[in-house]
Amino acid sequence: MSTSTTADALGAPVPVLSFSPVVLSVPGRPVDLQVRVSAPSTGTSLPVILLSHGHGPSNNLSSLNGYAPLADFWAAHGFVVVQPTHLTSRTLAGLVADAPGAPDFWRSRAEDMSHVLDRLDVIENAVPQLAGRIDRTEVALAGHSLGGFTAALLLGAGLTDPETGDLVHLVEPRIKAGVLLAPPGRGGDVFNGPMAAQWPIIGAVDFSTMTAPALVVTGDEDDPRHFTDMGPDWHADPYTLAPGPKTLLTLFGAEHGLGGIAGYDAAETTDESPERVAALARLTTAYLRTRLHPGDHAWQAACETLTTGPDPVGRVESK
């Protein structure tokens, strides 16, 4: 597997500035919204990636302190990456356990991203050397696991509130494209695993209205048996059940950690593969670059380099 062609298409990485926490006061939120901002040290008219963390077993990776293998790469290749600490984070467990919306905070997680977009001027001016360099019209979104659930809502998926029965839409029209990394799938009859009763919100999503362009990334060995007996294909539901334009990237040999995207050398990664993480970082960068700038051929180059030939990292299909 060669990455030279992809690297050429993406350009050389530049040093990254990472600044945290930027603290945003949000009325009604039980604690302030804290974000990490990672940005390239050079460049202007920089697009933004909002990154929604998952709900893993570590104390700190599910917060603004996680996902460095992706955030660093995206920032080194021209994106401003903004990572909030959602109220589901273990770092906040003692502070918000009894707050409205606990324990899944599904509405708050999505609203965090809208608050970030509302306050991009504050964020831009708080981070040294960033003022005047963000293109606020070019916004993308990425989320892993529970973060993929959050991303689906922001990209247009509906949700039936299990408590009220009301259909809720939290779509964020300022987001132009998304990347869903090992996201949850459908509810209904297949939502029959032991954790389904504890997390009914996961199965309450309707992907049929998720119209925004998105790349859905799954691992062909990501077994979701705690939620369903559907097997790894369950994680592809945001692709299968949503209207186009959508793209599905299935990574060969990948489990839920997709090689270790949640953090460098994270012991919880069951399928540790620096090569897989590097390939995923390149593919997601290329996808978002081409989606935000249709004349850019980075995605085509990345797919040709990484998903064809004798040793592909995965397969790609689109609709």
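Cut-off values and rules
Residues numbered from 1 in each chain as written. Predicted model: local features only at pLDDT ≥ 70, side-chain atom pairs only at ≥ 80, totals over all residues. Heavy atoms only, no water. Core = buried A, V, L, I, M, F, W, Y, C linked by side-chain atoms within 4.5 Å. Buried < 20%, exposed > 50% of the residue type's maximum accessible area, 1.4 Å probe, protein only. Helix = DSSP H or I, 4+ residues; strand = E, 2+ residues; numbered from the N terminus. Pairing = 2+ DSSP bridges. Contact = heavy atoms within 4.5 Å. Phe/Tyr/Trp six-rings, centres within 6.5 Å; stacked < 30°, edge-to-face > 60°. Lys NZ or Arg CZ within 6 Å of the ring centre and 35° of its normal. Axes fitted to C-alpha atoms, helices over the stretch in contact; angles between N-to-C directions. Salt bridge = Lys/Arg side-chain N within 4 Å of Asp/Glu carboxyl O. Polar contact = N/O pair within 3.5 Å; in protein donor to acceptor, adjacent residues only side chain to side chain.

Draft legend 1. Summary view of the nonpolar core. With 55 residues, the main nonpolar core has Leu 50, Val 80, Ile 123, Phe 149 and Ile 202 as its most contacted residues. No other element matches the six residues that helix α6 (residues 146-154) contributes to this core. Counting 42 residues, the second-largest nonpolar core is a separate cluster that includes Leu 61, Val 179, Ala 281 and Leu 292.

Draft legend 2. Looking closely at the sheet that holds strand β9 (residues 205-206). Sheet architecture is open: three strands sit in the order β7-β6-β9, paired in antiparallel fashion. Each end of this open sheet is capped by a strand with a single partner; those strands are β7 (167-169) and β9. Examined bridge by bridge, strand β6 (residues 158-160) and β7 share three bridges and lie antiparallel to one another. When the sheet's bridge partners are listed, Gly 158 is paired in β7 with His 169.

Draft legend 3. How the structure looks around the environment of Val 216. Considering the arrangement of structural elements, one finds Val 216 in strand β10 (residues 214-219). Between the C-alpha atom of Val 216 and that of Pro 183, which follows or precedes it by 33 residues, the distance is 7.8 Å. Not counting the four nearest positions on each side in its chain, Val 216 is found in contact with Leu 180, Pro 183, His 235, Ala 236, Pro 238, Tyr 239, Thr 247, Leu 248 and Leu 249.

Draft legend 4. Quick peek at helix α2 (residues 68-76). Burial analysis of α2 places seven of its nine residues in the buried class, which makes it a mostly covered element. Immediately downstream of α2, the backbone of Gly 78 shows phi near 105°, a positive value.

Draft legend 5. Inspection of the packing of aromatic side chains at higher detail. The final tally for this structure, using the stated rule, is four aromatic pairs. An aromatic cluster is present here, built from Phe 191, Phe 227 and Trp 234 joined pairwise through their rings. Lying over the aromatic face of Tyr 239, Lys 319 brings its terminal NZ or CZ to 5.0 Å of the ring centre.

Draft legend 6. Representation of the sheet that holds strand β2 (residues 33-40) in the model. Read from one edge to the other, the open sheet built from nine strands follows the order β1-β2-β4-β3-β5-β8-β10-β11-β12, with strand pairing classed as mixed. The sheet terminates laterally at β1 (16-24) and β12 (314-318), the two strands that pair on one side only. Strand-to-strand twist in this sheet, taken as the mean axis angle between neighbours without regard to direction, amounts to 20°. Relative to β12, strand β11 (residues 246-251) is paired through five bridges, and the arrangement is antiparallel. What sits directly across from Leu 251, in β12, is Gly 314. Against the sheet, α2 contacts β1, β2, β3 (46-52), β4 (80-84), β5 (134-144) and β8 (177-181), and its axis sits at roughly 150° relative to β4.

Draft legend 7. Representation of the pattern of salt bridges. Applying the stated criterion across every chain yields a total of seven salt bridges. The partner of Arg 174 in a salt bridge is Asp 118, and the shortest N-O contact between them spans 2.9 Å. Of this pair, Arg 174 sits in the loop between β7 and β8 while Asp 118 sits in helix α4 (residues 106-118), and the two are 56 residues apart along the sequence. Note that Arg 174 and Glu 172 form a salt bridge whose closest N and O atoms lie 2.8 Å from each other. Members of the salt-bridge network, linked through shared partners, are Asp 118, Glu 172 and Arg 174.

Draft legend 8. Representation of the side chain of Asp 112 in the model. Its place among the elements puts Asp 112 in helix α4. Here Asp 112 falls in the buried class, since its relative accessible area comes to 1%. Polar contacts involving the side chain of Asp 112 include one to the side chain of His 86, which spans 2.8 Å. Residues in contact with Asp 112, not counting those within four places in the same chain, are Arg 29, Leu 33, Thr 85, His 86 and Leu 87.

Draft legend 9. Layout of the pairing of β11. With six of six residues buried, β11 lies mostly within the body of the structure. Burial along β11 is two-sided: Lys 246, Leu 248 and Thr 250 and Thr 247, Leu 249 and Leu 251, pointing in opposite directions, are all buried. By the bridge criterion, six bridges tie β10 to β11 in an arrangement that is parallel. Note that in β11 the partner of Val 216 across the bridge is Leu 248.

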